[in-house]
Amino acid sequence: MEGIKDDVGHVPLLEAEEEEEEEEGRRPLRLRGSYLGILFGSTVFLVSMAALIIYQGHDYYDEAKIENKGNNNNNYNKVPRGVAEGVSAKSNSFLSETTPSYNWTNAMLSWQRTAFHFQPERNWMNDPNGPLFHKGWYHLFYQYNPFSAVWGNITWGHAVSRDLIHWLYLPEAIVRDMWFDINGAWSGSATLLPGGEIVMLYTGYTHQQVQVQNLAYPADASDPLLLNWVKYAKNPVMVPPPGIGPNDFRDPTTAWFGPDNKWTLTLGSMVNDSGLSLVYKTTDFINYELNDHFLHMVPGTGMWECVDFYPVSINRSVGLDTSANGPGVKHVLKASLDDTKLDYYSIGTYFIENDTWIPDDPDLDVGIGLRLDYGKYYASKSFYDQNKQRRVLWGWINESDSEVADITKGWASLQTIPRTVLYDKKTGTNLLQWPVEEIESLRLSSHEFKELLVKPGTVVPLHIGPATQLDIIAEFEIELLGSEGIVNNVEGCGVGAVERSAFGPFGILAIANDQLSELTPIYFRLSNYGNGTSTTTTITTSTSFCVDETRSSKAPDISKQVFGSKVPVLNDEKLSLRVLVDHSIIESFAQGGRTVISSRVYPTEAIYGAARLFLFNNATDINIKASLKIWQLNSAFIRPFPFHDTQ
């Protein structure tokens, strides 16, 4: 393969140590369609006793044995979870062994659980997997530990919804019970085939600690709930090729159908320090051909995981099926970088004749340019919603507290509110992410404020009542107090909202108490103002959009960072933002979703009825006029499925 050195060595097709008779209840998959008429084999490999002895993951991850001992700091891991297993870190390595533990009360921990973001009833969750719409139901699969609130023992959790907001838990869809996934059923994707069939490709971590790709499918594709899943008897269907390490081969994408009458997919890998996406072709989802070329590779970006690849329309405000291509179509390549735990994307051109992709702007290539979210966000996965002709994006939001706290409260992690994804026709370089319209069904009472004046160095309370479940839409106008052409003395977000400059920061204080001893500023900061004279649609100033967590909590055992990035603001636009507040998560969208920041907050005092909302202006040379509409949001039901009523 071009660009690969065979210095890692070939990983042969792994075999189970024994073959058993066909397992009862596992049937072959029959794929309808002229190019998919394949009958799977009837023999299934069962994991051997030796493999079961080798695997000791559950003992290693049985964190129920850990007790919360107050200020005992020996409970923190020196090595983040997941690293030894060949995946990205799944624990909070930012906390040192000398970080004191906070004495969390049950009331504080209970407040942290969200009201309308998806999370399991209990235990650990990470990456979203294989989302799809099928027979009236949205399906979300997710990486899940059924035994504890820390990473390990990964299976596929499963939930369904009619509207992407109210969710019903279903039994686990894919469990780690075969030699080819006994150490973990990791991330994967669904592909919907003509005739209504569904195939699911996922990464398994074998009894020999090798990452392989496996095939699963519904036992009954006519079942709207897709309750039962069958693993292909002759898994794995893909193994690491020559030159690819046994732990550098994971997370297959949704496949797309090409003019060669073949299905194509890509998955994440690396060679030396270069992140890349391998390309495979298939006609039956059993036999695969590895392309001679990578889809794309970027030196210095390290291992790519959870790769996503999909088309966007540059002319219409609709989503596109993953197989769409042609005039008026660009392609988005996104990778989750294992080294940095950040999700990067780039927009470019897909050359279908040789299955390669190049970015429109090399300076904005994957891993060195734009990020999907500049906050606490990773391992995102999109799918085409054929029900509403939109592309919907999920993202995993990890905790920022300690594992001790997670174990005490009994759960860890959540998913973002699903977001629609569109091409930004104004900038030509950005995606626009926006909460799905269904979130508006939770809106209750509202408050509206028109042109509130916020002078330099002041804070203005917004008397809206409870402030822990909110949908906020705000616009800001700037009134220059000094002469034209004042030069700002702070670039970017600065050290946070406390650092004053001529043109910022200004914005909202969320999850704050009356004393302002706990607060989370969501703000803009301009590098200059008043020098733009063009009347065309061009960027006339450098604007940063930021979230400052440094004073969000008095607790010390929390990661409290300043997140942010520059956001393009065109000269015909006002500064605007939308903020979703849901207890311990805040999702913030600037300029229609060009820049997005997700943050986790764990206040000790600004909880329940003590949580407040404020406007603030910490700039020195501008007045701010703010116009807002704020809705209280209802809670969404997220509960076990009522199997007596599936209608």
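The next subject is the overall build of the chain. Of the regular secondary structure elements, the chain holds four helices and 38 strands. Sequence-distant contacts, at least 24 apart, represent 67% of the contacts inside the chain between residues at least 6 apart. In the form shown here, the chain has an accessible surface area of approximately 23600 Å², with 50% of it arising from carbon and sulfur atoms.

As a further point, take the sheet that holds strand E29 (residues 506-512). Within the open sheet, the six strands sit side by side as E27-E36-E29-E30-E31-E32. Their pairing is antiparallel. Every interior strand has two partners, whereas the edge strands, strand E27 (458-461) and strand E32 (562-566), have only one. When strand polarity is set aside, the average angle formed by the axes of neighbouring strands in this sheet is 20 degrees.

So, about the packing of aromatic side chains. Going through the model one piece at a time under the given rule, you end up with 29 aromatic pairs. On the numbers, 5.6 Å between centres and 65 degrees between planes, the contact of Trp 167 with Trp 394 is edge-to-face. Taken together, the residues span a long stretch of sequence, with Trp 167 in strand E4 (residues 167-174) and Trp 394 in strand E21 (residues 390-397) at a distance of 227 residues. For the pair formed by Trp 167 and Trp 394, the shared burial category is buried.

It is worth spelling out the environment of Leu 519 at this point. Position of Leu 519 among the secondary structure elements: in the loop between E29 and strand E30 (520-526). When its relative accessible area of 3% is taken as the criterion, Leu 519 is described as buried. Separated by 32 residues in the primary sequence, Leu 519 and Arg 551 place their C-alpha atoms 5.7 Å from one another. Contacts of Leu 519, omitting those with residues within four sequence positions, involve Leu 509, Ala 510, Ile 511, Ala 512, Asp 548, Arg 551 and Ser 552.

Residues Phe 476, Leu 613 and Leu 628 are the most contacted members of the largest nonpolar core, which totals 67 residues. Beyond its immediate sequence surroundings of up to four residues, Leu 628 is in contact with His 447, Glu 448, Phe 449, Leu 452, Leu 462, Ile 472, Ile 473, Ala 474, Ile 508 and Leu 615. One finds Trp 167, Ile 417, Leu 633 and Ala 636 within the second-largest nonpolar core, a separate group that totals 24 residues.

Attention shifts here to unusual backbone geometry. Backbone geometry follows two general trends: most residues other than glycine have a negative phi, and most peptide bonds adopt the trans configuration. Residue Pro 236 is reached from Asn 235 by a cis peptide bond, and omega for that bond is 5 degrees. In this structure, Pro 236 sits in the loop between strand E8 (229-231) and strand E9 (249-250). The linkage connecting Gly 504 with the following residue, Pro 505, adopts the cis geometry, with an omega of 5 degrees. Along the chain, Pro 505 turns up in the loop between strand E28 (469-480) and E29. A positive phi is found at Asn 153, a non-glycine position, where the angle reads about 55 degrees. Within the secondary structure layout, Asn 153 lies in the loop between strand E2 (137-145) and strand E3 (155-161).

Further remarks concern the pairing of E21. With eight of its eight residues buried, E21 lies for the most part within the structure. Burial along E21 is two-sided: the residues Arg 390, Val 392, Trp 394 and Trp 396 and Arg 391, Leu 393, Gly 395 and Ile 397 are all buried. Where strand E20 (residues 378-385) meets E21, six bridges bridge the pair, whose relative direction is antiparallel. Paired with Phe 383 across the strands is Val 392, a residue of E21. The turn joining E20 and E21, which pair antiparallel and follow one another in sequence, is formed by four residues; a positive phi near 50 degrees is taken by Gln 389. In the sheet, E21 pairs with strand E24 (residues 419-423) via two bridges, with the strands oriented antiparallel.

For the rest of this paragraph, the subject is the sheet that holds strand E38 (residues 638-640). The mixed open sheet is built from six strands, whose spatial order is E22-E1-E2-E3-E4-E38. Every other strand in the sheet has two partners, leaving strand E22 (411-412) and E38 as the edge strands with one partner each. Looking at chain direction, E4 and E38 are connected through three bridges and run parallel. Counterpart to Tyr 169 in the pairing with E38 is Pro 640.

Once that is clear, we can look at the environment of Cys 306. Topologically, Cys 306 is positioned in strand E15 (residues 304-313). In this structure Cys 306 comes out as buried when scored by relative accessible area, which is 4%. If near-sequence neighbours (up to four positions away) are discounted, Cys 306 is found in contact with Asp 127, Ser 187, Asp 251, Lys 334, Ser 336, Ala 379 and Ser 380.

Attention now goes to the confidence of the model for the chain. Model confidence for the chain is summarised by a mean pLDDT of 87, while 82% of its residues fall at 70 or above. Confidence over residues 1-77 falls short of pLDDT 50; this stretch has 181 contacts with residues more than four positions distant or in other chains. Throughout residues 531-540 the model reports pLDDT below 50, and contacts reaching past four residues in sequence, or to other chains, amount to 18 contacts.

About the cut-offs
Residues numbered from 1 in each chain as written. Predicted model: local features only at pLDDT ≥ 70, side-chain atom pairs only at ≥ 80, totals over all residues. Heavy atoms only, no water. Helix = DSSP H or I, 4+ residues; strand = E, 2+ residues; numbered from the N terminus. Contact = heavy atoms within 4.5 Å. Areas by Shrake-Rupley, 256 points an atom, 1.4 Å probe, with all protein chains shown as cover. Pairing = 2+ DSSP bridges. Axes fitted to C-alpha atoms, helices over the stretch in contact; angles between N-to-C directions. Phe/Tyr/Trp six-rings, centres within 6.5 Å; stacked < 30°, edge-to-face > 60°. Buried < 20%, exposed > 50% of the residue type's maximum accessible area, 1.4 Å probe, protein only. Core = buried A, V, L, I, M, F, W, Y, C linked by side-chain atoms within 4.5 Å. pLDDT = per-residue confidence, 0-100.

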